[in-house]
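Residue-level listing of the chains:
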Amino acid sequence: MTTPTPGTLPPSFDASALTDPVDPRAVRAFARGLRAGRKTSATDVIAWIIGGFAAVMAVSFFGPLLVGALSHAPTPVTLLVLGGILALVALIAFLIVTGVRRAKERRYRLSRFAAANHMDYLDRIENPPLPGMIFRIGNSRLSTDLVRGSSPRFVEFGNYQYTVKTGKNSTTYRWGYVAIRLDVPLPHIVLDAKGNNSVFGSNLPTSFRKDQQLSLEGDFDRHFTLYCPDGYEQDALYLFTPDIMARFIDNAAELDVEIVDDWLLLYTRRPVSSLDPATWAWLFGVVGALITKLDQWARWRDDRLAGVSSARSLGHPVPGSHDLPFAAPAGMLTPPPGVARQGRRLKRNGSWVAVVITVVILILLVWERWN
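The structure displayed is predicted, hence computed values, not measured ones.

Focus: the confidence of the model for the protein chain
Thinking step 1. Mean pLDDT over the protein chain: 82, with 74% of residues reaching 70 or higher.
Thinking step 2. Looking at the elements of the protein chain, mean pLDDT is at its lowest for helix α8 (residues 308-314), recorded as 42, and at its highest for strand β7 (residues 256-268), recorded as 97.
Thinking step 3. Counting contacts from residues 2-9, a segment whose pLDDT is below 50, to residues more than four positions away or on other chains yields 19 contacts.
Thinking step 4. Counted against residues more than four places away or in other chains, residues 351-355, with its pLDDT under 50, gives zero contacts.

This is the structure in structure tokens:
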């Protein structure tokens, strides 16, 4: 993936594979290749079991009806019922076949699109190893239709879903994301975009303590709510200089942003990897505008790591120890890349709510027991 001029598309951007006619034989061959190169997952086994069970149930239900109807001279009513059954079965089969064909064609188009733009395509990854907030919730975590580039830095576009169970009910949440690899680990920072919030507030799956909010200059607060760890306010100001704030406002104001470890993650509640050329044009423009400024983040260092351990490793005198007969050369005490423990993760909100609910439930149970 080449680096575009800010606000423009990369010269290599080619979306023709998303809309051009495709050869059905090439689609089928591509699908066979995907199946051959992929291990059978638990999700596939469950799908086969459900499909087989549905087929057995259909035969068990419709079989006796057909046998009973054909054992006697058919009447107009019988013929009408049989016709309705056959039409229903044909409709279900048609929808299944059409859905499978469209899924194969979508994967084929995305793979061609990725190749045309010097990127790679991967159809799915279970439990993707990304550190962002959406990748640490629920079960059945799955990334699909991944489009990846490695130059000038690693970038991954993908769709993601996870399931949260509440009692006997379960809800599946779907996201689109862009993951950009950074040069060094940075403090955990979240930009909650106000443009995609609902009337109920933030659409993020995790809430953070309000005392971690940091107000920045200019119009930035109109577009984002920024959270940074306590004590890292100056570090956030170093990272979000006016020119970088302008890039986020101009290009990513509808995306939630998370900086965690050595990743920059962009989130949206709609699919990212799709057959819509306009969506890809927008996302390529966003990434191109941001990565031209990320090199300056590589110079950030956490001064909290320049402590006793660094001084000891460099031979610098440590209080309470024997003074060594030499000192570290000037400039050698620069902290190594990394983030001190207190800056690696934001403090989440809502833990006290769970405590209060638990206490109330216990009080009610005791009251019920003694009355």
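Examining the packing of helix α6 (residues 242-251) against helix α7 (residues 277-291)
Thinking step 1. Running from amino to carboxyl end, α6 crosses α7 at an angle of 175 degrees, the nearest separation of the two axes being 10 Å. By the angle between their axes, α6 is roughly antiparallel relative to α7. Between α6 and α7, the residues in contact are R247, F248 and N251 and W282, G285, V286, A289 and L290, respectively.
Thinking step 2. Among the residues making up the contact of α6 with α7, the classes are represented as five nonpolar, two polar and one charged.

A closer look at helix α3 (residues 76-116)
Each α-helix winds once per 3.6 residues, and so residues spaced three or four apart point in a common direction.
Thinking step 1. With 41 residues, α3 should cover 60 Å at 1.5 Å per step; its first-to-last C-alpha distance of 58 Å lies within 8% of that length.
Thinking step 2. Residues of α3 that are buried: L82, I85, T98, A103, Y108, R109, L110, S111, F113 and A114.
Thinking step 3. At the exit of α3 stands H118, carrying a positive phi of roughly 60 degrees.

Describing a nonpolar patch on the surface
Thinking step 1. The grouping of L88, I92, I96 and V100 at the surface amounts to a nonpolar patch, some 350 Å² of accessible area in total.
Thinking step 2. Following the sequence through the fold, V100 ends up in helix α3.
Thinking step 3. In this structure V100 comes out as partly exposed when scored by relative accessible area, which is 42%.

Focus on the side chain of R124
Thinking step 1. One can find R124 in strand β1 (residues 120-126).
Thinking step 2. On the accessibility criterion, R124 (19% relative accessible area) is buried.
Thinking step 3. Polar side-chain contacts of R124 include one of 3.3 Å to the side chain of E126.

Details of the pairing of strand β4 (residues 169-193)
Thinking step 1. In terms of strand pairing, strand β3 (residues 155-166) meets β4 through twelve bridges, oriented antiparallel. Paired with Y160 across the two strands is W175, which belongs to β4.
Thinking step 2. Between the end of β3 and the start of β4, which pair antiparallel, lie two residues, with G167 showing a positive phi angle near 65 degrees.
Thinking step 3. Sheet analysis places β4 next to β7, joined by ten bridges and oriented antiparallel.

Observations concerning a positive patch on the surface
Thinking step 1. There is a patch of like positive charges on the surface, built from R28, R32, R35 and R101.
Thinking step 2. Looking at the positive patch, the element that brings in the most residues is helix α1 (residues 24-36), giving three residues.
Thinking step 3. With respect to the secondary-structure elements, R28 resides in helix α1.

Remarks on the nonpolar core
Thinking step 1. With 52 residues, the main nonpolar core has F157, L226, F240, F248, L264 and W297 as its most contacted residues.
Thinking step 2. When contributions to this core are tallied by element, the ones reaching two or more residues are α3, β3, β4, β6 (224-227), α5 (233-239), α6, β7 and α7.
Thinking step 3. In terms of residue count, β4 provides more of this core than any other element does, eight residues in total.
Thinking step 4. Excluding anything up to four places from it in sequence, L226 contacts I189, V190, L191, Q212, Q213, L214, L216, F220, A236 and F240.
Thinking step 5. The next biggest cluster of nonpolar side chains, apart from the first, holds 21 residues, and it includes L130, Y162, W175 and Y227.

Regarding the packing of aromatic side chains
Thinking step 1. Enumeration over the complete set of coordinates arrives at 21 aromatic pairs.
Thinking step 2. For the ring pair F30 and Y108, a centre distance of 5.8 Å and an interplane angle of 70 degrees mean the geometry is edge-to-face. Linking F30 in helix α1 with Y108 in helix α3, this pair joins segments that are 78 residues apart in sequence.
Thinking step 3. Seen from their ring centres, W280 and F284 are 6.0 Å apart, and the 80 degrees between their planes marks the pair as edge-to-face. With a gap of four residues between them, W280 and F284 both fall in helix α7, about one helical turn apart. For the pair W280 and F284, a shared accessibility class is recorded, and that class is buried.
Thinking step 4. Cluster of aromatic residues (ring-pair linked, three or more members): F13, F113, F157, W280 and F284.

About the thresholds
- Residue numbers run consecutively from 1 along every chain, following the written order of its sequence.
- At least 70 in pLDDT is required for a residue's local features to be given in this predicted model, at least 80 for side-chain atom pairs to be given and counted, and no such filter applies to totals for whole chains, interfaces and linings, which use all residues.
- Think of the side-chain values as coming from all heavy atoms in the structure, minus any hydrogens and water.
- Here pLDDT means the predictor's own confidence in every residue, given as a number from 0 to 100.
- Helix and strand labels come from DSSP, where a helix needs a run of H or I of at least four residues and a strand needs a run of E of at least two; each type is numbered from the N terminus.
- In this analysis, two residues are considered to be in contact whenever any of their non-hydrogen atoms come within 4.5 Å of each other.
- Note on method: axes are straight lines fitted to C-alpha atoms, helices fitted across the in-contact stretch only, with angles between N-to-C directions ranging 0 to 180 degrees.
- The scheme is simple: roughly parallel for angles under 35 degrees, roughly antiparallel for over 145, roughly perpendicular for 65 to 115, oblique for anything else.
- Gly falls in the polar group here, along with every residue not listed as nonpolar (Ala, Val, Leu, Ile, Met, Phe, Trp, Tyr, Cys, Pro) or charged (Asp, Glu, Lys, Arg).
- A helix is expected to span 1.5 Å for every residue after the first.
- Exposure is judged per residue with a 1.4 Å probe applied to protein chains only, and the accessible area is read against the type maximum: over 50% gives exposed, under 20% gives buried, and values in between give partly exposed.
- Patches in this entry comprise residues that are over 30% relatively accessible and not in a salt bridge; like charges within 9 Å are linked, as are nonpolar side chains (Val, Leu, Ile, Met, Phe, Trp, Tyr) within 5 Å.
- Each accessible area is a Shrake-Rupley estimate made with a 1.4 Å probe; only the visible protein chains count as cover when residues are assessed.
- The salt bridge criterion pairs a side-chain nitrogen of Lys or Arg with a carboxyl oxygen of Asp or Glu, the two atoms within 4 Å.
- A 3.5 Å cut-off defines polar contacts: any pair of N or O atoms within that distance qualifies, except that in protein one atom must be a possible hydrogen donor and the other a possible acceptor, and neighbouring residues in sequence count only when both atoms are side-chain atoms.
- A pair of strands is treated as paired once DSSP finds two or more bridges between them.
- Residues scored as charged are limited to Lys and Arg (positive) and Asp and Glu (negative), so that His and the chain ends carry no count.
- For the purpose of locating charges, the reference atoms are NZ of Lys, CZ of Arg, CG of Asp and CD of Glu.
- We define the nonpolar core as a collection of buried residues of types Ala, Val, Leu, Ile, Met, Phe, Trp, Tyr and Cys that are connected through side-chain atoms lying within 4.5 Å of one another.
- We call Phe, Tyr and Trp rings a pair once their centres come within 6.5 Å, taking the six-membered ring for Trp, and we label the pair stacked below 30 degrees between planes, edge-to-face above 60, and tilted otherwise.

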